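Take a look at the letters that make up each chain.
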Amino acid sequence: MLKVNNLETYYGELKILKNVSFSIDEGQLVLLLGPNGHGKSTFLKTICGLVKPRKGSVFFDDLDITKKSVLKIVEMGLTYIPEDRHLFTEMSVRKNMLLGAYSKKARKREKENLEYVFELFPRLKERENQFASTLSGGEARMLAIARGLMSDAKFLAIDEPTLGLSPSLRMSVYDIIRKVSKLGKTVLLVDQSIPDLADMADKIYFMEEGHVTHVGKKEDALKDDKLREIFLGM
Amino acid sequence: MGHGGNLMKIKKDLGVLLAVYGLLALLPIFFHNNMSLMNILIISLIWAVVAGSWDLIMGFAGIFTFGQIAFLVIGGYSSVIFCKLFGISPWFGFLIGGIVAGGAGILVGLPCLKLKGAYVALVTFAVHMILEPFLKSDIGRAIGTGGAQGILTVPPLKIGSYVYNAMEPTPWFYTLLIISFIAFFIIYKVVHSMWGYSFIALRDSELFAQSVGVNAFKYKLIVFGISAALTGMIGGVYANYVGMLSTRILGLDLFLILMVMLVLGGMGRFPGALLGAFITMFISESLRYFDTYRLIIFGLLVMVLVIKMPQGIIGLIFPLGKAGIIERTILHFREKKAKKAEMIT
Amino acid sequence: MLIELIDVLISGITNGSVYALMAIGMALVYGVTKVFNFAYGSFYSMGGYLAFTVFGLKFGYFPVLIIAVPLLFLAGFATEVILIKPLRHRADWEMAAVMVTLGLAMFLDNTFQAIYGPFTKSLPALFTGGMELGPIWIGNQNMAMFVISIVVLTSFMLFLSKTRLGMAVEAVAQDMDGAQIVGIPINVVFGVTFAVSALLAGLGGILLAPKYFVSPFGGWDILVKAWVITALGGMGSIRGSLYAAFILGIIEAMVGYWIGFTWILFAWFAVLLTTLIIRPQGLFGTWG
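The written sequence of each chain sets the order in which its residues are numbered from 1. Chains and ligands are labelled sequentially in the order written, the chains with letters from A and the ligands with numbers from 1. Per-residue local features are limited, in this predicted model, to residues with pLDDT of at least 70; the limit for side-chain atom pairs, both in listing and counting, is 80 or more; totals at the level of whole chains, interfaces and linings are taken over all residues.

Novice: Honestly, the overall build of chain A in this entry has me stumped. Any pointers?
Specialist: Each helix corresponds to a stretch of at least 4 residues labelled H or I by DSSP, and each strand to a stretch of at least 2 residues labelled E; elements are numbered beginning at the N terminus. Along chain A, the regular secondary structure elements total ten helices and ten strands. A globule of 234 residues ought to have a C-alpha radius of gyration of about 17 Å, and chain A, at 17 Å, matches this closely. Considering only C-alpha atoms, chain A reaches an extent of 50 × 40 × 35 Å along its principal axes. In chain A, buried positions account for 45% of the 234 residues. Restricting the contact set of chain A to residue pairs at least 6 apart, pairs at least 24 apart contribute 65%. As defined in this context, the radius of gyration uses C-alpha atoms, and a globule is described by 2.2 Å times the residue total to the power 0.38. Here a residue counts as buried when 20 or more other C-beta atoms sit within 10 Å of its C-beta, as exposed when there are 12 or fewer, and as partly exposed otherwise, the C-beta atoms being derived from the backbone. A residue pair is marked as a contact if its C-beta atoms, positioned from the backbone, fall within 7 Å.

Shown next as structure tokens:
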């Protein structure tokens, strides 16, 4: 579904992504792990079109989207859910979600999606008319995911959705991601630590200093000495 | 790019400056009898200093100020008023104009330190806007601004027994050549000093600058002061050369023409303002007979230049990626840090 | 004394309503596109000259609106597409945008001067007469300006909060990346924002033309006033601009009545500077 070839992305003169290749099939759940500041978020921003790469290509549904605008990419069904949320803080929760369904494609299914997303996030339903700025950290993260789901995307790229959350909140966020994945959506989840979803993941990528240093299942990762240390050390 | 690149760049800037001044110094040999041309050259040198010091604060330091003409006027008025009041030589008047304007610059800079781009522009433009009613008011008249009429007589400039006069432009020309060279040399020194690197660091990333220990407040105030002082000093010279001073130069046309000089020469590209000033003045003069359309054309020119030629004339001659500047700055601070570390160990 | 005060307040509120109209256009553009539009005042003058031209054809005020509204909208949209969009990818684009719009202002103002001459043009009042409420007299022209401003302001606020495009505009103002991520076409939003802003400024010019006349550089006064208002309210905050417009409108009326008209701008700057020293982001502004 998504195929990335030899991607190189720069910030100014700083090379962030170094020859990154990546692939994910329809319906899969794939994890992208690695330490902070090693290019994981840049990778997501590059595939969703927010940052343009200098080299390499990105294919989505066999179409070259490397040079496409964020808008086009969203309309094709790829939605990025950023770690720093980017909510519309001075608007109600409901309006945030409605704006999530801004693209033409999502608009048609706005009503059904709203119902289904509120079902997934009963907490947000309770706070429907509150400003997004009044939400707690956990709720805000849920809203970011909920808004992303409203776009009716088939592919969700989620950036560290549990950063800074309490263990119980983490569990519920992972639960939701599990549900979404089971509904048939393709999910690429970026995280720093090993989430509880590791067992369920079809593939795990490991990224260090802008390189993909490991690809495989959880078991494969555990065979690697260095990775095992990181896994078990957590 | 190592330290050598740094030095090369510095030498190149100085070389360009010297070459331009060398060429300028030759001009009177051919044109000393052409009064109107000499006049244009002299005025160009005056505006070049204003544009250059504006470029120092806006192009290099990235502080959005619109108060440059206000400082020119403050310097001009205080220079002439002091000369008349105390009978001092206009040469000292220029210095006083610079000091007063520099003080005003720091004073205006103070409230701007905490403000962001568009606010700084507003506060400094407010100074510009308020200056005219103030100079025309009773308070203004009381300190000798001459009210709406302005100051109609300015004490003449002398050197020994020679009295500068409008009929002999060549001495004026060489005097301005020296004064403006000093001003540009100061700007050059500032740009290529610790301060200059701090400005560039501040402009490109305040966060980065603070992380390497640049005190944003101090440097911003310094640049406000220097830029205003140079402009104020040339304000005194301007009043002396023109022989009168009124609030008319606060009009928007000069504001725009100075801006054309900056974008034409290349913002933040030394010594773009100098080249920009000459080219702009010559365009302006050749459009003299289309006066109504002159500012229309200038307006168009600003739009086209900003969009199509972001680095100005200097950029055409010496193209330079922005990354180069950042790299240089980072390099400079790394070297400085390394030196500090050496000294400690 | 009480009647004087009421008179001054009424005049202050009338001023405030028109200023609110002028300032939100600027606050909108700054809030959404982060561009400080120096040509804002020129769109005001453009409205005035459009009114003058169409009115000169002896059709009355109604056709003025029919012709001016689409033209102003187009002018604003074109400004964004032709002048601002090409700058957006540049690191120094904010400064470049200021210079480009300054160039546009000079271009437009001097073009007005070339076409209409340097002298002011006058337009007949929309309404004459007035009404008496006991000892207080309210001019119909002022009353009409107040009502029209409030109607335009209300419809603008409804546009922002109720329509899909309006919500998108607000979303871009609150979080540009967030807006892109959900698939809001930000280029369209930028264009529409400039268009609406030019329209608001131009409508202000049409409304105020009978009272203050039309002149080639008359827009600068409006630009500076709208700028002070938005800065006081917090650049980019529409709510802040509304409050600030009425605060400064009332201050203007008071200073004008009791101290003298020349001191109005001084008073405005004094209020602004004091506020900024205490709150550098303005009354309702947020950093970012």
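Let's pick the thread back up.
Novice: Even after reading the chapter, I still don't get the overall build of chain B, so can you show me in this structure?
Specialist: On a plain count of helices and strands, chain B comes out with 15 helices and two strands. Here chain B, with 345 residues, has 47% of them falling under the buried criterion. Taking all contacts inside chain B whose residues are at least 6 apart in sequence as the whole, residues at least 24 apart take part in 78%.

Novice: I would appreciate a short explanation of the confidence of the model for chain B in the present structure.
Specialist: Low pLDDT means the predicted coordinates in that region are not meant to be read closely. Residues and elements named next belong to chain B. The pLDDT value expresses, per residue, how confident the predictor is, ranging between 0 and 100. Across chain B, the average pLDDT comes to 84, with 84% of residues at or above 70. Of all secondary-structure elements in chain B, the lowest mean pLDDT belongs to helix α15 (residues 322–344), at 52, while helix α3 (residues 68–86) reaches the highest, 95. Ignoring residues within four places in sequence, the model shows residues 1–5, a span with pLDDT below 50, making one contact including any to other chains.

Novice: I'm lost on the interface of chain C and chain B in this one. Help?
Specialist: Interface extent is often summarised as the accessible area lost during association of the parts. In this assembly, 33 residues from chain C lie in contact with 29 residues from chain B. Put simply, the parts of the chain that give the side of chain C that touches chain B at least two residues each are α4 (93–116), α9 (219–233) and α11 (264–278) of chain C. With 14 residues, α4 of chain C is the single largest residue contributor to the side of chain C that touches chain B. The nonpolar class holds Ala, Val, Leu, Ile, Met, Phe, Trp, Tyr, Cys and Pro. Asp, Glu, Lys and Arg form the charged class, and all remaining residues, Gly among them, are polar. Of the residues assigned to the side of chain C that touches chain B, the class counts are 26 nonpolar, five polar and two charged.

Novice: Hey, could you run me through α9 of chain C in this one?
Specialist: Every α-helix winds through 3.6 residues per turn, so residues three or four apart in the chain are directed the same way. Residues and elements named next belong to chain C. Over its 15 residues, α9 extends 21 Å from the first C-alpha to the last, a length consistent with the 21 Å expected when each residue adds 1.5 Å. The buried fraction of α9 is high, at 13 of 15 residues. Just past α9, the residue Gly 234 takes up positive phi, approximately 110°. Every helix has an expected span of 1.5 Å times one less than the residues it contains.

Novice: Which parts of the structure should I look at to understand the environment of Leu 316 of chain B?
Specialist: If you trace the backbone, Leu 316 of chain B turns up in helix α14 (residues 312–317). Between the C-alpha atom of Leu 316 of chain B and that of Leu 41 of chain B, which follows or precedes it by 275 residues, the distance is 23 Å.

Novice: For this particular structure, what's the right way to read the sheet that holds strand β10 (residues 211–216) of chain A?
Specialist: Sheet strands pair via backbone hydrogen bonds, and the direction of the pair is either parallel or antiparallel. Residues and elements named next belong to chain A. Between any two strands, at least two bridges found by DSSP are needed for them to pair. The strand order across the open sheet formed by six strands is β6-β7-β8-β3-β9-β10, and the pairing between neighbours is mixed. Looking along the sheet, the strands with just one partner apiece sit at the ends: β6 (78–81) and β10. Here the average twist between neighbouring strands, direction ignored, is 15°. Summarising the sheet, strand β7 (residues 155–159) and strand β8 (residues 186–191) pair through five bridges and their orientation is parallel. Note on method: axes are straight lines fitted to C-alpha atoms, helices fitted across the in-contact stretch only, with angles between N-to-C directions ranging 0 to 180 degrees.

Novice: Whenever I open this one, the sheet that holds strand β4 (residues 55–60) of chain A confuses me. Can you help?
Specialist: Residues and elements named next belong to chain A. Reading across from one edge, β2-β1-β4-β5 is the order of the four strands in this open sheet, with antiparallel pairing throughout. The open sheet has two edge strands, β2 (14–24) and β5 (63–64), and neither has a second partner. As paired elements, strand β1 (residues 2–11) and β2 share seven bridges and run antiparallel to each other. Counterpart to Tyr 11 in the pairing with β2 is Leu 14.

Novice: Just to check I follow, could you spell out the environment of Met 129 of chain B for this structure?
Specialist: Mapped onto the secondary structure, Met 129 of chain B falls in helix α5 (residues 117–136). Distance from Met 129 of chain B to Gly 251 of chain B, taken between C-alpha atoms, is 9.7 Å for residues 122 residues apart in sequence. For Met 129 of chain B, the contacting residues outside a window of four places in its chain are Val 224 and Leu 265 of chain C.

Novice: Help me understand the environment of Ala 195 of chain C in this model?
Specialist: Residues and elements named next belong to chain C. When you line up the elements, Ala 195 lands in helix α8 (residues 186–212). Residue Ala 195 is classed as buried on the basis of its C-beta count, with 21 C-beta atoms lying within 10 Å. Separated by 157 residues in sequence, Ala 195 and Phe 38 place their C-alpha atoms 15 Å apart. With near-sequence residues (within four places) excluded, Ala 195 lies in contact with Phe 73, Gly 76 and Phe 77.

Novice: Would you take a moment to explain the packing of helix α7 (residues 169–191) of chain B against helix α10 (residues 216–242) of chain B for this structure?
Specialist: Working note: a packed helix pair is described by the angle between its axes plus the distance between those axes. All names here are of chain B. At a minimum axis distance of 11 Å, the contact between α7 and α10 shows a crossing angle of 175°. When the interaxial angle is binned, α7 and α10 end up roughly antiparallel. Between α7 and α10, the contacting residues are Trp 172, Leu 176, Ile 179, Ala 183, Ile 186 and Val 190 on the first element and Ile 226, Leu 230, Ile 234, Val 237 and Tyr 241 on the second. For the contact of α7 with α10, the class distribution of residues is eleven nonpolar, no polar and no charged. Oblique is the label for any angle not covered by the other classes, which are roughly parallel (under 35 degrees), roughly antiparallel (over 145) and roughly perpendicular (65 to 115).

Novice: Just checking my understanding: could you explain the pairing of β4 of chain A for this structure?
Specialist: Residues and elements named next belong to chain A. Of the strand pairs in this sheet, β1 and β4 are connected by five bridges, and their pairing is antiparallel. Counted as the bridge partner of Val 4 is Val 58 from β4. The turn linking β4 back onto β5 is made up of two residues, and Asp 61 within it adopts a positive phi angle of 50°.

Novice: Just checking my understanding: could you explain helix α7 (residues 137–150) of chain A for this structure?
Specialist: All names here are of chain A. With 14 residues, α7 should cover 20 Å at 1.5 Å per step; its first-to-last C-alpha distance of 20 Å lies within 8% of that length. For α7, the tally of buried residues reaches eleven of 14 residues, placing the bulk of the element in the interior. Among the residues making up α7, those that are buried are Glu 139, Arg 141, Met 142, Leu 143, Ala 144, Ile 145, Ala 146, Arg 147, Gly 148, Leu 149 and Met 150. Residue Asp 152 follows α7 closely and has a positive phi angle near 60°.

Novice: Looking at this structure, how should I read the pairing of β7 of chain A?
Specialist: Residues in a regular strand point their side chains to alternate faces of the sheet. All names here are of chain A. Here β7 lies mainly inside the structure; five of its five residues are buried. Neither face of β7 is open: one carries Phe 155, Ala 157 and Asp 159, the other Leu 156 and Ile 158, and all of them are buried. In this sheet, β7 lies alongside β6 in parallel orientation, the contact comprising four bridges. Counted as the bridge partner of Ile 81 is Ile 158 from β7. Assessed by its sense of winding, the connection that carries the chain from β7 through helix α8 (residues 167–182) to β8 is right-handed. By convention a crossover is right-handed if, when the strands point away from the viewer, the path from the first strand over the helix to the second runs clockwise.

Novice: Sorry if this is basic, but what is going on with unusual backbone geometry here?
Specialist: One can expect most non-glycine residues to show negative phi and most peptide bonds to be in trans. For the peptide bond that leads from Phe 270 of chain B to Pro 271 of chain B, omega is -15°, which places it in the cis range. By the element assignment, Pro 271 of chain B lies in the loop between α11 (252–265) and α12 (272–286). At Asn 19 of chain A, a residue that is not glycine, the phi angle is positive and equals roughly 50°. Locating Asn 19 of chain A in the fold gives a position in strand β2. Even without being a glycine, Glu 209 of chain A presents a positive backbone phi close to 45°.

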